[in-house]
Amino acid sequence: MSATVSFEVPTERGPRDVTVSYARVGHGEPLVLLHGIGHHRQVWDPVVDILATERDVIAVDLPGFGASPGLPAGLAYDLPTTNAVLGRLFEALELDRPHVAGNSLGGLLALELGREKLVRSVTALSPAGFWTESERRYAFTVLRAMRATAERLPLPLVERLSRTAAGRTALTSTIYARPGRRAPEAVVAETLALVGATGFDATLRAGDDVRFTDGLPGLPVTVAWGSRDRILLRRQGVRAKQLIPHARLVRLPGCGHCPMNDDPALVSRVILDRSR
């Protein structure tokens, strides 16, 4: 069920109201899903129904993305602020240390929530933050190019391209290894989400000097990487394992940067296995 929730987040100028859109379905222990930059919560649709058979699934639109409004004045799109926002979201939804799974930016946020002891397990799918400087520049260049291309495409052309496998490949092959599997309406919606992401530029700027270096002792952690990730290269997964030695490192054969669409059964199994 889709809904919104509003809550206060403290700033140096006093509390500010933040509104977050989310969808909630299923029963069991709570599991929060966090998407990547420029995306929206619907990127998780291929796995939500599977996860919901065993979990209370809460798929979130991060502030400034999807249906969630941007952050108010006084709040930055950086990791400390986003941690605070998500912590307040958990309180508003009465989630006591939920499990969390995230992809790309969402994977980094999931790890940050683990560092803050706000969650009981983390599953990070191609998480940001384990790059070298050259790898970060490459990823940011690709992301900016994706958005610039989406902004130039007229909606009727996007709709026409989405109706064929070749067209869906042209639109989404950067993030999906099997773009032909993505539903036409989903491709249109996520293209519009990328164009309309008011938090995109500020979030990208805030990521210039981001590195994740915490070992997350005592927390169950899974890091999973698609073998065909074209944005965050899979060798970054090895780096993540070196930094978080007790983490389970999982290879996702044939999957791209957003593996939920490429192999829903495998991704669901990886998330459910760790969030027990």
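Worth saying up front: this structure is predicted, and the values here are computed from it rather than measured.

Parameters at a glance
- Residues numbered from 1 in each chain as written.
- Predicted model: local features only at pLDDT ≥ 70, side-chain atom pairs only at ≥ 80, totals over all residues.
- Heavy atoms only, no water.
- Helix = DSSP H or I, 4+ residues; strand = E, 2+ residues; numbered from the N terminus.
- Buried < 20%, exposed > 50% of the residue type's maximum accessible area, 1.4 Å probe, protein only.
- Contact = heavy atoms within 4.5 Å.
- Phe/Tyr/Trp six-rings, centres within 6.5 Å; stacked < 30°, edge-to-face > 60°.
- Lys NZ or Arg CZ within 6 Å of the ring centre and 35° of its normal.
- Pairing = 2+ DSSP bridges.
- Axes fitted to C-alpha atoms, helices over the stretch in contact; angles between N-to-C directions.
- Expected span 1.5 Å × (residues − 1).
- Salt bridge = Lys/Arg side-chain N within 4 Å of Asp/Glu carboxyl O.

1. Points about the side chain of S104
Right, on to step 1. Here S104 is to be found in the loop between β5 (99-103) and α3 (105-115).
Right, on to step 2. By relative accessible area, S104 is classed as buried at 10%.
Right, on to step 3. Ignoring sequence-local partners within four residues, the contact set of S104 consists of G36, L125, S126, P127, A128, L232 and H257.

2. Some details on the packing of aromatic side chains
Right, on to step 1. Tallied over the full model, the rule gives two aromatic pairs.
Right, on to step 2. For the pair W131 and F140, a centre-to-centre distance of 5.5 Å together with 90° between the ring planes defines the contact as edge-to-face.
Right, on to step 3. Judged by relative accessible area, which is 8%, W131 ranks as buried.
Right, on to step 4. For F140, a relative accessible area of 5% corresponds to the buried category.
Right, on to step 5. It is R136 that lies over the ring of F140; its NZ or CZ is 4.8 Å from the centre.

3. Thoughts on the sheet that holds β5
Right, on to step 1. As summarised here, the arrangement of the eight strands in space is β1-β2-β4-β3-β5-β6-β7-β8, forming an open sheet in which the pairing is mixed. Taken across any chain shown, the strands that pair with only one partner, and hence form the sheet edges, are β1 (2-9) and β8 (248-252). Within this sheet the neighbouring strands show an average axis-to-axis angle of 25°, counted without direction.
Right, on to step 2. In this sheet, β5 lies alongside strand β3 (residues 29-34) in parallel orientation, the contact comprising four bridges. Within β5, the position partnered with L31 by the bridge is H99.
Right, on to step 3. Strands in contact with helix α2 (residues 79-92) are β1, β2 (16-26), β3 and β4 (55-61); relative to β1, the strand with the most contacts, it is inclined by about 115°.

4. Comments concerning α2
Right, on to step 1. Spanning 14 residues, α2 covers 20 Å between terminal C-alpha atoms, matching the ideal 20 Å at 1.5 Å per step.
Right, on to step 2. Turning to α2, its buried residues are L79, T81, T82, N83, V85, L86, G87, L89 and F90.
Right, on to step 3. Where α2 is buried, its residues touch β1, β2, β3, β4 and α3.
Right, on to step 4. Phi turns positive one or two residues past the end of α2, at E94, with a value near 55°.

5. Overview of the pattern of salt bridges
Right, on to step 1. Under the criterion given, the structure shown has 15 salt bridges.
Right, on to step 2. R88 serves as the salt-bridge partner of E91, at 4.0 Å between the closest nitrogen and oxygen. Highlighted residues: E91 and R88, both in helix α2, separated by three residues, approximately one helical turn.
Right, on to step 3. For R182, the salt bridge goes to E190, with nearest N and O atoms at 3.3 Å. Here the two residues R182 and E190 agree in accessibility, since each one is buried.
Right, on to step 4. Here the salt bridges share partners, and the residues they tie into one network are E133, R136, R137, D208 and R211.

The analysis is restricted to geometry; functional conclusions fall outside its scope.
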